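Secondary and tertiary structure notes
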Amino acid sequence: MRRIALAERSDWRAKAADCGFGFHTIDDAPYWDESAYYAFSLREIEHDIEAPSEELHAMALDMVERIVGSEQHMQQLAIPEPYRDWIAQSWRERQPHLYGRMDFAYDGSAPAKLYELNYDTPTSLFEAAFFQWQWLEDQLARGQLPAGSDQFNSIQESLVEAFGTIARGIARPFHFAAVRDSTEDQGTIAYLRDCALQAGIDCGTLAIEDIGISEDGRFTDLDDNVIGCLFKLYPLEDMFRETFGPYLPRARLQLIEPPWKALLSNKGILPLLWEAHRGHPNLLPAEFDAGGELPRGWVRKPLHSREGANIAMHLDDGRELRTDGPYDGPCIRQACHPLTAFDGHYPLIGSWVVGDRACGIGIREDSSLVTQDSARFVPHAIVEEARGVLIA
Amino acid sequence: MKRSRTAALLLMSTAPLLLTACDRNQSREGLYTSVEACVAQTNDSASCNEAFAKAKQESLATAPRFANREECEARYGAQQCAERSDGNNHSFFGPLMTGFFLSQMMRNGVATNGFNSAPAFRDSNGGWQRPAADGASGGVYRGANTGTGMVPVTATPDRAVTSSRSGFGRSSGSRGFGS
């Protein structure tokens, strides 16, 4: 794994505009960054990222089976009592799921270590699935990448296939919803809807704020149609706390991601996975946090926090890092395994799982050890190392 | 190759797709009781015939299975069930396909190549059902099993008077909520 500087495509902003990628620059700060790329060998991709992703995904689903049968685990994950049976039922019915992203610390020299599962509202999808793919095609066509360069990225193909599989069986109307004023989230649902349409699935979009409730407790769209299935790019744990939350368990509204994803997007899954698979090469030691002082070599994370917010890190060398944010509540501790710097940047690997298939990665790099919303998206390529030359 | 063979956009893109202007793209989806009904609606006999044949073939694998004719007929009505074999000398009873789905992308009002189809069954109460998603052969999902459950089809959406809105979204921040 190497970080290689490469000239930007001179027309990438126009290309971004052409395909509706409106958030390549966020609050005047660059987000899409193609002034460099990460080069991987095929073995690094297949052996170190793809295979562990599929294995961890299977372990995570097995863990859901255990959690839904345990009041104690539900308690540890701080799942509100009124939603527990509903979540368990959604798992027993195997309500279909679409996608998730695992975040890995990986530098090409040691096993990838799982930081967390983003299994409810993962983003950076469009840029990984589409714009990164287009970058590779363009740079290959311009001869800027070694001939035969590839990319670990069949995300879009997998999304279309997944929609073709699950959406046939779901109730209509089928809507995609996100917060009205978030350009990034709106871009992500526009992309997902595009993939669903390519699978031949009729569907619409709706602002999450525009969802209505009827007298008899069913969710409606702006035309007063009872929503059959809702893809919501909005955290389940926030829905639980909000005014309409109490209607969810009885409304017969199908959700994607389904309610059981609340168990996997929750950082409480990390200590449970560690307990069940202690010593697994891709897992970091983790435990539920009882409060108190954070010892050296540990990181504290709230059960729910997004974009690297509210993280406390106590490094082995005694340095302490802390990020702000709005999240509080119960926390976990995870053994500190800092990202490796490449030319002063800290890349975090987002490994995408669509359905049950590991199908691609997107890399976000930050100038800090904690990957936050300021992190830039940097593309990657699979480039075979030159053979026959061994420099010792 | 580890990447998608193609990655195109339908609606997000302002660029022409496949060299045709694509300002009017929609999809159509219909439940039809016969090829004739399908052709009358869509004026596309090739897609209708092909969708019917595919659905018919798929119905053998995805129809619900019953140990005897009586159980099947109780759910799907008299004369609506047939005996089948799973190929391992085990026979069972399943309902006859009574309709099929066709869903297709439209481009400039013209149906594109390729479509999705699925068998549909009518139960003894007159309701329509189709196989649940698990019955599909999609390779994205592990453990796709046969003999899956059926889900009801609602051709026309339910309507309900909305009493209030904005019950979700109050936690929203300026950057939204993706993670």
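Located above this text is the structure these notes cover.
The structure presented is a predicted model; accordingly, all values stated were derived computationally and were not measured.

Parameters at a glance
- Residues numbered from 1 in each chain as written.
- Chains lettered and ligands numbered in written order.
- Predicted model: local features only at pLDDT ≥ 70, side-chain atom pairs only at ≥ 80, totals over all residues.
- Heavy atoms only, no water.
- Helix = DSSP H or I, 4+ residues; strand = E, 2+ residues; numbered from the N terminus.
- Rg over C-alpha atoms; globule rule 2.2 N^0.38 Å.
- Buried < 20%, exposed > 50% of the residue type's maximum accessible area, 1.4 Å probe, protein only.
- Contact = heavy atoms within 4.5 Å.
- Areas by Shrake-Rupley, 256 points an atom, 1.4 Å probe, with all protein chains shown as cover.
- Lys, Arg positive; Asp, Glu negative; His and termini not counted.
- Charge placed at Lys NZ, Arg CZ, Asp CG, Glu CD.
- Pairing = 2+ DSSP bridges.
- Core = buried A, V, L, I, M, F, W, Y, C linked by side-chain atoms within 4.5 Å.
- Axes fitted to C-alpha atoms, helices over the stretch in contact; angles between N-to-C directions.
- Parallel < 35°, antiparallel > 145°, perpendicular 65-115°, else oblique.
- Nonpolar A, V, L, I, M, F, W, Y, C, P; charged D, E, K, R; others polar.
- Phe/Tyr/Trp six-rings, centres within 6.5 Å; stacked < 30°, edge-to-face > 60°.
- Disulfide = S-S within 2.5 Å.

1. Some details on the overall build of chain A
Along its length, chain A carries nine helices and 21 strands. By the compact-globule yardstick of 21 Å for 392 residues, chain A fits well, its C-alpha radius of gyration being 21 Å. Overall size of chain A, expressed as C-alpha extent along the three principal axes, is 70 × 50 × 35 Å. The buried share of chain A, taken over its 392 residues, is 66%. Intrachain contacts of chain A at a sequence separation of at least 6 include 70% that bridge at least 24 residues. About 14300 Å² of surface is accessible on chain A, with carbon and sulfur atoms providing 48% of the total. Counting 36 positive and 62 negative side-chain charges, chain A places the averaged centre of each group 3 Å from the other.

2. Some remarks on the sheet that holds strand 9 (residues 162-165) of chain B
The strand order 10(A)-9(A)-9(B) describes an open sheet built from three strands, whose pairing is antiparallel. At either end of the open sheet lies a strand with only one pairing partner, and these are strand 10 (219-220) of chain A together with strand 9 of chain B. Note: strand 9 (residues 212-214) of chain A against strand 10 of chain A, two bridges, orientation antiparallel. Residue pairing for strand 10 of chain A: Gly212(A) is matched across the bridge by Thr220(A).

3. Re the nonpolar core
Phe40(A), Ile87(A) and Phe219(A) are the most contacted members of the largest nonpolar core, which totals 68 residues. Sorting elements by how many residues they give to this core places helix 2 (residues 42-68) of chain A first, with ten residues. Among all residues touching Phe40(A), those that are not within four sequence positions of it are Met1(A), Ile45(A), Ile49(A), Tyr106(A), Ile349(A), Ile361(A), Ile363(A), His380(A), Ala381(A), Ile382(A) and Val383(A). One finds Tyr31(A), Val354(A), Leu10(B) and Val140(B) within the second-largest nonpolar core, a separate group that totals 60 residues.

4. Quick notes on the environment of Glu54(A)
By secondary structure assignment, the location of Glu54(A) is in helix 2. Owing to a relative accessible area of 27%, Glu54(A) belongs among the partly exposed residues under this scheme. The sequence separation of Glu54(A) and Ser374(A) amounts to 320 residues, and the corresponding C-alpha distance is 29 Å. Those residues in contact with Glu54(A) that sit more than four places away from it in its chain are Asp356(A), Arg357(A), Ala358(A) and Arg142(B).

5. Here's the deal with the packing of helix 5 (residues 125-141) of chain A against helix 6 (residues 155-166) of chain A
All names here are of chain A. It is at 8 Å that the axes of helix 5 and helix 6 come closest, and there the two elements cross at 110°. Between helix 5 and helix 6, the interaxial angle falls into the category roughly perpendicular. Note on element contacts: helix 6 touches helix 5 through Ile155, Gln156 and Leu159, opposite Leu125, Ala128, Ala129 and Phe130. Here the residues of the contact of helix 5 with helix 6 are counted per class, giving six nonpolar, one polar and no charged.

6. Examining the packing of aromatic side chains
Each aromatic ring pair is specified by the distance between its two centres and by the angle formed by the two planes. The final tally for this structure, using the stated rule, is 27 aromatic pairs over all chains. Where Phe176(A) meets Phe231(A), the ring centres are 5.3 Å apart and the plane angle is 35°; that geometry is what we call tilted. In this pair, Phe176(A) sits in strand 7 (residues 174-178) while Phe231(A) sits in strand 11 (residues 229-232), placing the two residues 55 residues apart along the sequence. As far as burial versus exposure is concerned, Phe176(A) and Phe231(A) are alike and both buried. Ring plane angle 50° and centroid distance 6.0 Å describe the contact between Tyr32(B) and Phe100(B), whose orientation is recorded as tilted.

7. Regarding the state of the cysteines
Residue and element names in this part refer to chain B. Summed over the entire model, instances satisfying the criterion amount to two disulfides over all chains. The partner cysteine of Cys38 in its disulfide is Cys48, sulfur to sulfur 1.9 Å. Taking the torsion about the sulfur-sulfur bond, which here is approximately -75°, the covalent link between Cys38 and Cys48 counts as left-handed. Taken together, the residues Cys38 in helix 1 (residues 35-42) and Cys48 in helix 2 (residues 45-62) connect sequence positions ten residues apart. One exposure class covers both Cys38 and Cys48, and it is buried. Residue pairing for Cys72: its cysteine sulfur links by disulfide to Cys81, the two sulfurs lying 2.0 Å apart.

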